[in-house]
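The residues making up each chain are set out below.
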Amino acid sequence: MYTKDNESYFIVDAHVALWDARPENQRNIHGKQFIDCFYDYHRNLSPESEHWSYEDYLYQGGERLMHDLFEVGYVDHAIFQPAHLGEFYTNGFGQTEEASQLAAKHPDRLTYNHHFDPRNGEAGLEQLHADAERFGLRGVKLYTAEWHGESRGWKLTDPWAYRYFEACRELGITNIHIHKGPTIRPLDRDAFDVADIDHVASDFTDLNFIVEHVGLPRLEDFCWIATQEPNVHGGLAVAMPFIHTRPRYFAQILGELVYWIGEDRIQFSSDYAIWTPKWLIERFVDFQIPEDMTEYAPLTVAQKKKILGLNAAKMYDLEVPAELRLPEADETATGPREPERADLAAV
Amino acid sequence: MTLLTCENTRESQAYAALHAVVDPELDEPITDLGFVRSLTASPTGPDCETVRVEVHLRLPTSFCSPNFAYLMASDAKDALTALPWTDQVIVELDDHHDSDLINAGLAADAGYLGTFRHEAESSLDELRTTFHRKAHTAALERCLTRLLRGQPDLAEDAVGEVRLGDLPDDDFTASLRRRRAVLGLPDLPEAYVLVDHDNERPSDIPLALRRARSTRISIDGNAHFCRGLLATRYGEEVTSPAFVPLTDLHREGASS
């Protein structure tokens, strides 16, 4: 919990990882390229005081994670969203055993989501059933640009993916977190395109689809799809740290999200260990849309509370102290919110 | 006064030719983005009448999309090959997860299908078209928003009536006209500004403008992020010849 100016915020960090990118776990050059790319994200978008050394960054371990999130990071509950990356790392990038054991030890603090890959066919479906039972899964993290033999990407509308979503439905795995990446088959198309999310969200209205990075680098396509599908949500991983480097851009991202999908479907996350939650939460609570951006209404304390934790808590049925709860906004389920905010005559 | 060698002149000309190569996703020339890491011209005939040009490209991360990476690299090769005095053109993409694949494809002039084989279906034309359309949408939003900011009494619905001839003769308008030309939209003063790629006017003006705005925000945001990441990745690495100092990129990437 974070308290400032007599307001208390229940914090859910909806996207964290416990990874191992140390050289002994790297399968090939791509393992190094991948963590180096993350490290550049970290160095480029973090305040200098929050920079980690490269060695610390390669592997953080459970103890440090508990410290960074819960002892100093104000987080009440965090959700593991592991990326497998089996073609890049011998024992995978996200550490299944360590993370799931940590979650089992601290069920009030941590939720472990796992991953699946529809290209694993029947065997993968069986594995999903086993994983659902073993981890008590409520959600999964899917990375569409995962490499898999000759294939370097898949679409949510692939026939096998539908088999997996049907299994999710049966197994009570209701929260599907989606992370788009740079490769897809065929490469003729834009790999970051989020159009397939539109289809699955319409076909599986009883599942929640949380688009990580709010669709970045395709924010506009995400907003357009999410405004039409009430079960599509936006995760702020990667978007959050712009609050430091480019606050005006961050204001525009948030302004667009609140306009297109509303305050009840946006989830905070630090994307730990790319960034740490402490400074992001402090900055976010202090954040306001710049006054000259009159095309967006100012952010309210209630909106901040929802984004920082209440929205994800609702999705994952987390126990929130009664005094910190808020009702849902009385808004349209689809289409732009409070369209008067779009009044450009005031721009 | 420094005397320019014929190699220097050819390098400048080759670099100028690369200015026409655009990152389709960011809608900016690769030269402005700092993606040209090095460019060297070596004479293969007297007085640089024929020249071998070697270019190295670099991107903000190893995991930038391979299809966009290939488009830029192959466009760069085409632009240099089209110069009358180049007799050998080498374009290589450095430090990318698909560097080996793309560089082999470029060296063999294998084309998109030959380079990506089973991962390629027909061509990258559709991808290119998608981003030409986005670039146009963003360009018209910049023009209309600038107009609205300058004319506080202009009603929002009225932007649907704005025509090319109503726009001031400025950089935004010039940029919009270039993007309209790419899509084959009319370049006439009476042509409407708020149209889609098929020159259709939207029925809901405020919504169309809001959608256009989200497109513009997205493209601008990506361009800044990529500039910042490139500066972080390559630091103060010296390019040869020195084209765009990374410190400039850093400053631009860090500003809001």
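Note that this is a predicted model, so its numbers are computed, not measured.

Basis of the calculations
- Residues numbered from 1 in each chain as written.
- Chains lettered and ligands numbered in written order.
- Predicted model: local features only at pLDDT ≥ 70, side-chain atom pairs only at ≥ 80, totals over all residues.
- Helix = DSSP H or I, 4+ residues; strand = E, 2+ residues; numbered from the N terminus.
- Rg over C-alpha atoms; globule rule 2.2 N^0.38 Å.
- Buried ≥ 20, exposed ≤ 12 C-beta atoms within 10 Å, placed from the backbone.
- Contact = placed C-beta atoms within 7 Å.
- Pairing = 2+ DSSP bridges.
- Axes fitted to C-alpha atoms, helices over the stretch in contact; angles between N-to-C directions.
- Arc of directions from axis to C-beta.
- Core = buried A, V, L, I, M, F, W, Y, C linked by C-beta atoms within 7 Å.
- Domains from an automatic or database assignment.
- Expected span 1.5 Å × (residues − 1).
- Nonpolar A, V, L, I, M, F, W, Y, C, P; charged D, E, K, R; others polar.
- Parallel < 35°, antiparallel > 145°, perpendicular 65-115°, else oblique.
- Left-handed = near helix turned anticlockwise from the far one by under 90°.
- pLDDT = per-residue confidence, 0-100.

1. Quick look at the overall build of chain A
Within chain A one finds 12 helices and 10 strands. Taken over C-alpha atoms, the radius of gyration comes to 19 Å for chain A, in line with the 20 Å a tight globule of 347 residues would show. Projecting the C-alpha coordinates of chain A onto the three principal axes gives extents of approximately 55 × 40 × 40 Å. Classification of the 347 residues of chain A by burial places 51% in the buried group. Sequence separation of at least 24 residues holds for 77% of the intrachain contacts in chain A that already meet a minimum separation of 6.

2. Quick look at the sheet that holds strand S10 (residues 266-267) of chain A
Residues and elements named next belong to chain A. The five strands lie next to each other as S6-S7-S8-S9-S10, forming an open sheet whose pairing is parallel. If you trace the sheet from one side to the other, it starts and ends with strand S6 (139-143) and S10, each paired once. Note that strand S7 (residues 175-179) and strand S8 (residues 208-211) share four bridges and pair parallel. Bridge pairing in S8 links Ile176 to Phe209. The sheet strands contacting helix H7 (residues 195-203) are S7, S8 and strand S9 (232-235), and the helix crosses S8 at an angle near 160 degrees.

3. Structural notes on H7(A)
Along H7(A), the residues that are buried comprise A:Ile197, A:Val200 and A:Ala201. Looking straight down H7(A), one finds its buried side chains confined to an arc of 100 degrees; they lie on one side.

4. Let's talk about the sheet that holds strand S3 (residues 36-43) of chain B
Backbone-to-backbone hydrogen bonds pair the strands of a sheet. The strands run either parallel or antiparallel. Residue and element names in this part refer to chain B. Taken in spatial order, the three strands make up an open sheet running S3-S4-S5, and their pairing is mixed. This sheet does not close on itself; its edge strands, each paired only once, are S3 and strand S5 (86-93). For this sheet, the mean inter-axis angle between neighbouring strands, taken without regard to orientation, is 10 degrees. Of the pairings in the sheet, the one linking S3 to strand S4 (residues 51-57) comprises seven bridges and is antiparallel in character. When the bridges of S4 are listed, Leu39 appears paired with Val55. Of the strands in this sheet, S3 and S4 are in contact with helix H1 (residues 6-18), which crosses S3 at around 135 degrees.

5. What about the nonpolar core?
Counting 158 residues, the largest nonpolar core has A:Ile197, B:Met72, B:Ala73 and B:Ala76 as the members making the most contacts within it. When residues of this core are assigned to their parent elements, the largest contribution, 11 residues, is made by helix H8 (residues 205-234) of chain B. Built from parts of two domains, this core gets at least three residues from each of domain 1 (6-123 + 223-254) and domain 2 (126-201) of chain B. Contacts of B:Met72, omitting those with residues within four sequence positions, involve B:Val21, B:Asp23, B:Ile30, B:Phe35 and B:Leu57. The next biggest cluster of nonpolar side chains, apart from the first, holds five residues, and it includes A:Ile184, A:Leu187, A:Phe192 and B:Phe116.

6. So, the environment of A:His199
With respect to the helices and strands, the residue A:His199 is situated in helix H7. Counting along the chain gives 43 residues from A:His199 to A:Leu156, while the straight-line C-alpha distance between them is 8.3 Å.

7. Quick look at the environment of A:His177
Residue and element names in this part refer to chain A. Topologically, His177 is positioned in strand S7. Judged by the 25 C-beta atoms lying within 10 Å of it, His177 falls in the buried class. Those residues within four positions of His177 in sequence are excluded, and the remaining contacts are Gln81, Asn113, Gly139, Val140, Lys141, Leu142, Ile210, Glu212 and Gly235.

8. Regarding helix H10 (residues 247-260) of chain A
Along its 14 residues, H10(A) runs 20 Å from first to last C-alpha, staying within 8% of the 20 Å computed at 1.5 Å per residue. Most of H10(A) is tucked away: 11 of the 14 residues are buried. Of all the positions in H10(A), only A:Phe250, A:Ala251, A:Gln252, A:Ile253, A:Leu254, A:Gly255, A:Glu256, A:Leu257, A:Val258, A:Tyr259 and A:Trp260 are classed as buried. As for H10(A), its buried residues are in contact with helix H8 (219-226), S9, helix H9 (242-245), S10 and helix H12 (301-315) of chain A together with H8 of chain B. Trailing H10(A) by a residue or two, A:Gly262 shows a phi angle of about 85 degrees, which is positive.

9. A closer look at the interface of chain A and chain B
Taken together, the contact between chain A and chain B spans 38 residues of the former and 41 residues of the latter. For the side of chain A that touches chain B, the secondary-structure elements that each account for two or more residues are helix H1 (29-45), H8 and H10 of chain A. Broken down by element, the residue count for the side of chain A that touches chain B peaks at eight residues, all from H1(A). For the side of chain A that touches chain B, the per-class residue count stands at 17 nonpolar, six polar and 15 charged.

10. Describing the packing of helix H5 (residues 121-135) of chain A against helix H6 (residues 159-171) of chain A
Residue and element names in this part refer to chain A. Closest axis-to-axis distance for the H5/H6 pair is 11 Å, and the angle between their directions is 20 degrees. On the basis of the axis angle, H5 is roughly parallel to H6. The way H5 lies across H6 gives a crossing that is right-handed. Taking contact as the criterion, the partners of Gly121, Leu125, Leu128, His129 and Ala132 in H5 are, on H6, Trp160, Arg163, Tyr164, Ala167 and Leu171. Among the residues making up the contact of H5 with H6, the classes are represented as seven nonpolar, two polar and one charged.

11. With respect to unusual backbone geometry
Residue and element names in this part refer to chain A. A cis amide bond links Arg185 with the next residue in sequence, Pro186, at an omega value of -5 degrees. Within the element layout of this structure, Pro186 appears in the loop between S7 and H7. Omega for the bond connecting Tyr272 with Ala273 falls within 30 degrees of zero, at 5 degrees, which places this linkage in the cis form. In this structure, Ala273 sits in the loop between S10 and helix H11 (277-286).

12. Some words on the environment of B:Gly111
For B:Gly111, the position within the fold is in helix H5 (residues 111-116). It is 8.1 Å that separates the C-alpha atoms of B:Gly111 and B:Ser74, two residues lying 37 residues apart in sequence.

13. Observations concerning the confidence of the model for chain A
Taken as a whole, chain A shows an average pLDDT of 95; of its residues, 97% reach a score of 70 or greater. Note that pLDDT drops below 50 for residues 341-347 of chain A; the model gives that stretch 20 contacts with residues more than four away or on any other chain.

14. Some details on the domain arrangement of chain B
Residue and element names in this part refer to chain B. If you check the domain split of chain B, you get domain 1 (6-123 + 223-254) and domain 2 (126-201). For domain 1 versus domain 2, the distance between C-alpha centres works out to 30 Å. On the domain 2 side, the residues contacting the five residues of domain 1 number four residues. Among the residues forming the side of domain 1 that touches domain 2, the class breakdown is two nonpolar, one polar and two charged.

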